[in-house]
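Inside the fold
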Amino acid sequence: MSIQSFEEFLHTFIPKVSLKSLQCNKALWILETTGTQDAADLKASLDVELRLLLSDRKIYQKLQAWSKNPPEDIYLSRQLNVLLRMFAANMLPEKLLKKIAKKEAELSMIYATFRPKLEGKRVSENEIRQVLKGDKDSDRRKKAWEASKEIGKILAPHILELVSLRNEGAKALGYPHYFLMQLDLQEVDRDTLFSLLNTIATRSEKAYQNLLQKIQEKQMARFSVAKEELGPWSWEDPFCQEDPLDTSKLDKLVQNVDIVSVAKNSFGKMGFDVENILQRSDLYEREGKNQHAFCLHIDREGDVRTLNNIQPSIRWLETVLHELGHAVYELGFEKSLPWLLREPPHMIPTEGMALISGRQAYLSSFLQDFIPGEDFTVAEKSLQRRQLIFSRWVLVMTYFEEALYNTGPKDDLNTLWWQLVEKFQGIRGKGRERDFDWACKYHIALAPVYYYSYLLGELFASSLQQKLSTPFFSPQTGIFLQKNLFAPGNAYSWNLLMEKVLGKPLSPDAWIAQYAQDLV
Ligand SMILES: [Zn+2]
């Protein structure tokens, strides 16, 4: 088949995909800002329509035929590659696709509506977090933490069913299991990924152990308990993935900061006018609205919005900067790129950009511009702790996820989960071997084979930091990022893009030098 016919195909097919994707994004925005059942139904039916467009077996066979003799033009051949990977994931028998979609919808409903009981009363995730944040009574903390795990036993059988459906699909496409299929479709080599994770684990071990000891000492003093009585409930979040120290001190630092205007001025210094993005965004808490944060490019034509729930805390300063980092990336694609390539090649580069933007919230070089006369050491130390703590959590998630798809039904996942938590996070779950604690994490069920991107994004952020010779919020940095990171869109694979931006392949060295040195 000729290049001409692939181009003709793009000409008629892409407008259909872009229109459907625009409709999906609009429905998603309404759903996330209102939480109504109508919006949920609309979104679900549009998703199915988009999936159907991308599951036409005849088109897939044509794409495969073209790929045997790919076009020379780099944009054409990359579009072919992108389409092939989009289709591959949908090339399952319709019956199986529907079963998977149904199971996922069921699980997402349980996550959204389940409220565990604490001392006889139904409580929300926020209420549990409040106990873990503020309560000094170790018994009550333990009860709250256990309540946060109640959902596990309800979800676990559903997740295991979903895992076997996903594996059935992956095997039908010639992969040993779903985890490997997903990595392959995301252009990630399994062995390279795990050797990277292993390096991170080994080289940050000492720094993490020292940090852990410090955290445990503070926890023992704060809750007046012996070391043996500490547990996962001694941390401030249900998965021990966040820095548990100094949180109120940090929030006090930024309590009088106008987060939105600081963020706007900062990106302005890079030459990025974010006023339009902020105008379209949904910034503050409201009933029925998604409680987290994200950035969405509605049309790949410049309608970029963020969703936030801003409160006067350092976490929200970080989050607003983070989402705007994604947003300026989305606005920076070369205008002449074809629709299919107007996206980042993977989560890793855009997460890297968002993470490096968010990190500024903890740096004195940034904070001193609008908070005069304060000592920001407490924030810089927290950033280092956060990096170490979160990296261990990503290791638990990623090693567990591979095992989840790669082991037989007889394997004891409950025990494996706590073995990994103990190995990487140094936290013991004695007596939890019969509990399905792994099933409580949303991503295990509904954002599969995704978590590793956060850690690779951090590695990229640190490597970028090392590469930049000018302050982050400066015109020079803006020009560099625009030209090298944003403009190419999805014209290259993510690892080639990184190599071009950094001048060398992605490695953990910069991150380790920055955060995994021993804490003083
Ligand atoms: Zn992000």
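As the structure is a prediction and not an experimental result, all values here were calculated from the model.

**Focus: the overall build of the chain**
Along the backbone of the chain there are 24 helices and 4 strands. Relative to its length of 520 residues, the chain is compact, with a C-alpha radius of gyration of 23 Å against a globular reference of 24 Å. Based on the C-alpha atoms only, the size of the chain along its principal axes is roughly 75 × 55 × 45 Å. Considering only contacts in the chain between residues 6 or more positions apart, those separated by 24 or more positions represent 77%. Looking at the chain as shown, the accessible area adds up to about 24000 Å², and 50% of this sits on carbon and sulfur atoms. Both charge centroids of the chain, one from 66 positive and one from 68 negative side chains, sit 2 Å from each other.

**A word on the coordination of the zinc ion**
Ligation of the zinc ion by protein atoms is provided by His322 (NE2), His326 (NE2), Glu351 (OE) and Glu351 (OE), these donors lying 2.1 to 2.7 Å from the ion. If you look at the zinc ion, its 4 donor atoms make angles of 51 to 137° with each other, and the shape they trace is irregular. Linear spacing of the donor residues for the zinc ion on their chain is H-x3-H-x24-E. On the criterion of sequence distance, the pair formed by His322 in helix α15 (residues 314–331) and Glu351 in helix α16 (residues 347–359) is long-range, its members being 29 residues apart. Take His322 and Glu351: they sit in the same class, and that class is buried.

**Let's talk about helix α4 (residues 74–88)**
Under the 1.5 Å per step criterion, the end-to-end length of α4 is 21 Å for 15 residues, consistent within 8% with the ideal 21 Å. When α4 is considered as a whole, its buried residues turn out to be Leu76, Arg78, Gln79, Leu80, Val82, Leu83, Leu84, Arg85, Phe87 and Ala88. If you check the start of α4, you find a side-chain oxygen 3.0 Å away from the backbone N of Tyr75, and it comes from Asp73.

**A closer look at the pairing of strand β4 (residues 304–307)**
Judged by which residues are buried, β4 turns out to be covered on both faces: Val304 and Thr306 on one side and Arg305 and Leu307 on the other are all buried. Both strand β3 (residues 294–297) and β4 contribute to a ladder of 4 bridges, which runs antiparallel. Across the sheet, Cys295 pairs through a bridge with Thr306, a residue of β4.

**Description of the pattern of salt bridges**
Going through the model one piece at a time under the given rule, you end up with 34 salt bridges. In this structure, Glu94 engages Lys98 in a salt bridge whose closest nitrogen and oxygen atoms are separated by 3.1 Å. Note that Glu94 and Lys98 are positioned in helix α5 (residues 94–113) at a spacing of 4 residues, about one turn of the helix. Looking at Lys98, the relative accessible area reads 55%, which means it is exposed.

**Side note on the packing of aromatic side chains**
Under the definition given, this model contains 31 aromatic pairs. Judged by centre distance (5.9 Å) and plane angle (65°), the rings of Trp145 and Trp233 are edge-to-face. Placement of the pair is Trp145 in helix α7 (residues 138–148) and Trp233 in the loop between α11 (205–223) and α12 (247–253), with a sequence separation of 88 residues. There is no split in this pair, since Trp145 and Trp233 are both buried. Centroid distance Tyr450 to Tyr454: 5.6 Å. Interplanar angle 75°. Geometry classified as edge-to-face. Judged by its relative accessible area of 27%, Tyr450 falls in the partly exposed class. Members of the aromatic cluster, connected to one another through ring pairs, are Phe239, Phe390, Trp393, Phe400, Trp417, Phe436, Trp438, Tyr450, Tyr451 and Tyr454.

**A short note on a negative patch on the surface**
Taken together, Asp137, Asp139, Glu228 and Glu229 make up a surface patch of like negative charges. Its location among the elements puts Asp139 in helix α7.

**Some points on helix α10 (residues 190–203)**
Helix length check: α10 (14 residues) gives 20 Å between terminal C-alpha atoms against 20 Å at 1.5 Å per residue, within 8%. Along α10, the positions that sit buried rather than exposed are Leu193, Phe194, Leu196, Leu197, Ile200 and Ala201. Down the axis, α10 shows its buried residues gathered within 155° of arc, on one side only. Facing away from the buried side of α10, by more than 90 degrees, are the exposed residues Asp191 and Thr202. Packing partners of the buried residues in α10 comprise α9 (178–185), α11, α18 (377–406), α19 (413–425), α21 (452–467) and α24 (509–515).

**Observations regarding the packing of helix α6 (residues 125–134) against α7**
Running from N to C, α6 and α7 point in directions that differ by 150°, and their axes come no closer than 9 Å. By the criterion of interaxial angle, the relationship of α6 to α7 is roughly antiparallel. In this structure, α6 meets α7 at a crossing whose hand is left-handed. Between α6 and α7, the residues in contact are Ile128, Val131 and Leu132 and Arg140, Arg141, Ala144, Trp145, Ala147 and Ser148, respectively. Of the residues that constitute the contact of α6 with α7, the class distribution is 6 nonpolar, 1 polar and 2 charged.

**A word on the packing of α16 against α21**
The geometry of α16 relative to α21 is characterised by a closest axis approach of 7 Å and an angle of 60° between their N-to-C directions. Of the possible angle classes, the one that applies to α16 and α21 is oblique. Considering only the axes of α16 and α21, their crossing is right-handed. Here α16 contributes Met347, Ile348, Pro349, Glu351, Gly352, Leu355, Ile356 and Arg359 to the contact with α21, which in turn contributes Tyr452, Ser453, Tyr454, Leu456, Gly457, Glu458, Phe460, Ala461, Ser462, Leu464 and Gln465.

**Notes on unusual backbone geometry**
Excluding glycine, a negative phi dihedral is what most residues carry, and trans is how most peptide bonds are arranged. Even without a glycine there, the phi angle at Ser224 is positive, about 50°. Its place among the elements puts Ser224 in the loop between α11 and α12. With a phi angle near 55°, Arg300 is a residue other than glycine that sits in the positive phi range. Structurally, the position occupied by Arg300 is in the loop between β3 and β4.

**Here we look at the nonpolar core**
Considering soluble globular proteins, one finds that nonpolar side chains tend to be buried as a cluster. Counting 163 residues, the largest nonpolar core has Phe13, Leu63, Leu83, Ile159, Phe267, Met353 and Trp438 as its most contacted members. Top contributing element to this core by residue count: α18, with 14 residues. Leave out the neighbours within four places in its chain, and Trp438 touches Ala156, Ile159, Leu160, Phe400, Leu404, Leu413, Asn414, Trp417 and Ile444. Judged by nonpolar contacts, the second largest core, of 6 residues, contains Trp29, Phe294, Ile298 and Leu307.

**Considering the environment of Gly358**
Looking at the element boundaries, Gly358 is found in helix α16. A relative accessible area of 0% places Gly358 in the buried class. Each C-alpha atom of the pair Gly358 and Ile512 lies 19 Å from the other, and the pair is 154 residues apart in sequence. Ignoring anything within four residues of it in the chain, the contact list for Gly358 reads Glu318, Leu321 and His322.

Thresholds applied
Residues numbered from 1 in each chain as written. Predicted model: local features only at pLDDT ≥ 70, side-chain atom pairs only at ≥ 80, totals over all residues. Heavy atoms only, no water. Helix = DSSP H or I, 4+ residues; strand = E, 2+ residues; numbered from the N terminus. Rg over C-alpha atoms; globule rule 2.2 N^0.38 Å. Contact = heavy atoms within 4.5 Å. Areas by Shrake-Rupley, 256 points an atom, 1.4 Å probe, with all protein chains shown as cover. Lys, Arg positive; Asp, Glu negative; His and termini not counted. Charge placed at Lys NZ, Arg CZ, Asp CG, Glu CD. Donors = N, O, S within 2.8 Å, 3.2 Å for Na, K, Ca; no water. Tetrahedral: all angles 85-135°; square planar, octahedral: opposite > 155°, others 65-115°. Buried < 20%, exposed > 50% of the residue type's maximum accessible area, 1.4 Å probe, protein only. Expected span 1.5 Å × (residues − 1). Polar contact = N/O pair within 3.5 Å; in protein donor to acceptor, adjacent residues only side chain to side chain. Pairing = 2+ DSSP bridges. Salt bridge = Lys/Arg side-chain N within 4 Å of Asp/Glu carboxyl O. Phe/Tyr/Trp six-rings, centres within 6.5 Å; stacked < 30°, edge-to-face > 60°. Patch = residues over 30% accessible without salt bridge, like charges linked within 9 Å, V, L, I, M, F, W, Y side chains within 5 Å. Arc of directions from axis to C-beta. Axes fitted to C-alpha atoms, helices over the stretch in contact; angles between N-to-C directions. Parallel < 35°, antiparallel > 145°, perpendicular 65-115°, else oblique. Left-handed = near helix turned anticlockwise from the far one by under 90°. Nonpolar A, V, L, I, M, F, W, Y, C, P; charged D, E, K, R; others polar. Core = buried A, V, L, I, M, F, W, Y, C linked by side-chain atoms within 4.5 Å.

Any link to function would need more than the numbers given here.
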